[in-house]
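One-letter residues, chain by chain:
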Amino acid sequence: MGAKSIREAVEAAVTAHLPAQNFPAGVQVLPGLSANKLAPPMVVASVDSVGPHPDIPEGWGNFAATLSIAVVSPARTTGAEAFHAQLSEKAANAIADEAGLRAVFVSQGDAKMYFATFRSQEDRVGDDHFGKILTYELLGVLDPA
């Protein structure tokens, strides 16, 4: 296809792959560029930056994308901590399933992913919500139109 930007291609593939982890009912899975109303529980896949990979020649469509997976769960319910931990683990497992994620990229036809590398994890706690941000670097190539 080749019609999407790198950001759109990555977010579309990741948000298509995340539900394969069998999230509990009611969990929204959204791309970072979304007009949907945000309401926890939710998992948001957002490309924070895109650029060339330092070890691969530019001009061939290769890219390195910084991907953040934000997991947000309500904190004021029975079993909230366990629910948030389970949801966070499922989101991390989705990205760790590189073969499955690669297959989604191929099926969508806009980009191919070579590999995903875990970079960091940040936990946040608010009055009403638990949050976790998982950050990865995805290396891939944008398919030409």
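Up top you'll find the structure we're talking about.
A short tour of the structure in this document, coming up. None of these values were measured; they are calculated from a predicted model. (Residues numbered from 1 in each chain as written. Predicted model: local features only at pLDDT ≥ 70, side-chain atom pairs only at ≥ 80, totals over all residues. Heavy atoms only, no water.)

### Some thoughts on the overall build of the protein
For clarity, the threshold we go by: Put simply, DSSP marks the helices as runs of H or I at least four residues long and the strands as runs of E at least two long, and each gets a number from the N terminus on. It is over C-alpha atoms that the radius of gyration is taken, and the globule rule equals 2.2 Å times the number of residues to the power 0.38. Contact criterion: two residues are considered in contact whenever any of their non-hydrogen atoms come within 4.5 Å of each other.
When its secondary structure is counted, the protein shows 3 helices and 5 strands. If you list the helices and strands of the protein from N to C, you get α-β-β-β-α-α-β-β. Whereas a compact globule of 145 residues would reach a radius of gyration of roughly 15 Å, the protein reaches 15 Å, a difference of no more than 12%. Seen along its three principal axes, the alpha-carbon backbone of the protein occupies a region of about 50 × 25 × 25 Å. The long-range fraction of contacts in the protein, counting pairs at least 24 apart against all pairs at least 6 apart in sequence, stands at 63%.

### Overview of the packing of helix α1 (residues 6-17) against helix α3 (residues 98-108)
How two helices sit against one another is set out by the angle between their axes and by the gap between those axes. The condition that has to hold: Only the contacting stretch of a helix is used when fitting its axis, a line to C-alpha atoms as for every element, and angles between N-to-C directions run 0 to 180 degrees. Here is the rule for angles: anything less than 35 degrees is roughly parallel, anything more than 145 is roughly antiparallel, 65 through 115 is roughly perpendicular, and the remaining ranges are oblique. Crossings are sorted by hand: turned counterclockwise from the far helix by less than a right angle, the near helix makes the crossing left-handed, and turned clockwise it makes it right-handed.
It is at 9 Å that the axes of α1 and α3 come closest, and there the two elements cross at 125 degrees. Overall, the two elements α1 and α3 adopt an arrangement that is oblique. Crossing hand, α1 versus α3: right-handed. Seen from α1, the contacting residues are A9, V10, A12, A13, V14, A16 and H17; seen from α3, they are G100, L101, V104, F105 and Q108.

### Looking at the environment of A39
What counts, and what does not: Each residue is placed in one exposure class: buried if its accessible area under a 1.4 Å probe, protein chains only, is under 20% of its type's maximum, exposed if it is over 50%, and partly exposed if it falls in between.
Structurally, A39 can be placed in the loop between β1 (28-31) and β2 (42-51). Relative accessible area serves as the criterion here: at 36%, A39 is assigned to the partly exposed category. The spacing of A39 and D123 is 84 residues in sequence and 18 Å in space, taken between C-alpha atoms.

### Concerning helix α2 (residues 80-96)
Selection criterion: By this rule the span expected of a helix is its residue count minus one, scaled by 1.5 Å. What the arc describes is the spread of directions from the helix axis to the C-beta atoms.
Between the first and last C-alpha of α2 there are 24 Å, a value that for 17 residues agrees with the 24 Å anticipated at 1.5 Å per step. Listed in full, the buried residues belonging to α2 are A80, H84, L87, S88, K90, A91, A94 and I95. One side of α2 holds all its buried residues, which, seen down the axis, span an arc of 160 degrees. Of the residues in α2, the exposed ones pointing more than 90 degrees away from the buried face are E81, A82, E89 and A96. The inward-facing, buried residues of α2 contact α1, β2, β3 (62-74), α3, β4 (111-125) and β5 (129-142).

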